[in-house]
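Coordinates in review
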Amino acid sequence: MKEDNGRIVRLLPIAAGSIAGTLLMLNRLLTPALTDSQARSDAVGVVLTAVLILTGLLWQQVQPRKPDSTVLSGTEGFELLPTLPDALKTELAWASHLLLTNTVTRSIVVYYRGQVLLRRGILAPIATVTPGAILDRVLAKQKAIYLVDTKVYPGRIEFNYLPVNTQGIICQPLGTDGVMILGANAPRSYTKQDEAWIEGIADKLANSLATRSAIDGNLINPNDKI
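Description of the structure in this document. (Residues numbered from 1 in each chain as written. Predicted model: local features only at pLDDT ≥ 70, side-chain atom pairs only at ≥ 80, totals over all residues. Heavy atoms only, no water.)

**What about the pairing of strand S6 (residues 178-184)?**
When you tally the buried positions in S6, you get seven out of seven residues, the bulk of the element. Of the two faces of S6, the one lined by Gly-178, Met-180, Leu-182 and Ala-184 and the one lined by Val-179, Ile-181 and Gly-183 are each fully buried. Two elements, strand S2 (residues 105-112) and S6, share seven bridges in a ladder whose sense is antiparallel. When the sheet's bridge partners are listed, Val-110 is paired in S6 with Met-180. As defined by bridge partners, strand S5 (residues 168-174) adjoins S6 across seven bridges and the pair is classed as antiparallel. Note on S6: the bridge partner recorded for Gly-168 is Ala-184. (Buried < 20%, exposed > 50% of the residue type's maximum accessible area, 1.4 Å probe, protein only. Helix = DSSP H or I, 4+ residues; strand = E, 2+ residues; numbered from the N terminus. Pairing = 2+ DSSP bridges.)

**Regarding the sheet that holds S6**
The sheet built from six strands is open, its strands ordered S1-S3-S2-S6-S5-S4 with antiparallel pairing. Each end of this open sheet is capped by a strand with a single partner; those strands are strand S1 (75-80) and strand S4 (145-147). Going across the sheet, the axis of each strand differs from the next one's by a mean of 15°, ignoring polarity. (Axes fitted to C-alpha atoms, helices over the stretch in contact; angles between N-to-C directions.)

**Side note on the pattern of salt bridges**
Following the criterion strictly, the structure yields five salt bridges and no others. Across the pair Glu-91 and Lys-204 runs a salt bridge, and its minimum N-O distance is 2.6 Å. Of this pair, Glu-91 sits in helix H3 (residues 86-102) while Lys-204 is found in helix H5 (residues 192-216), placing the two residues 113 residues apart along the sequence. Of the charged contacts, one joins Lys-151 and Asp-149 as a salt bridge, the two residues approaching to 3.1 Å between their closest N and O atoms. In the salt-bridge network here, residues are joined through shared partners; they are Asp-149, Lys-151 and Arg-188. (Salt bridge = Lys/Arg side-chain N within 4 Å of Asp/Glu carboxyl O.)

The quantities given are spatial measurements derived from coordinates; they are silent on function.
Spelled out as structure tokens, the structure:
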């Protein structure tokens, strides 16, 4: 509804300019004797009409078009590594809920120390994460990578644990030991504000995971699976 209202507002200058131009033309045709003052008024009216129409056309061009969203293929679910401490389960559940409800994220995988701790949202049949070149780079550089449109990235094949038609992917490091992988249903859909917020949540999770690991020793058993 809001998008329709915005479109109507952007069309108003064009409509007003077209109506004004039509009335000026009719007035000129129906006037038998044109005075100097009327000629000057008509000239001003033509200029204002042109400005209105040009403004409307510019508004049409500068309004960003929202990328087309896709219904991701897969089943909706929520999986946590069962042997995690309850406090970590709660924090992972909280963080994933925030991301799914406040960003374009539709699928989340948390990979830490060789294990999948969480899968939530639209889930692919494959649950195992095998790090490829992109995840290795994220871990090595400690810097997020955003694949804005997966169709143009050959490296997307390593993300077979996300829905096959995922449109955009963010790989956000969780310290030096893990990565949070987010899948979106539309290309170029994460804003800079979204990226900053994702980074903040990831830093909080990384701190909790590192702290709990220091307290409990070996936090994750390599034989544990979701």
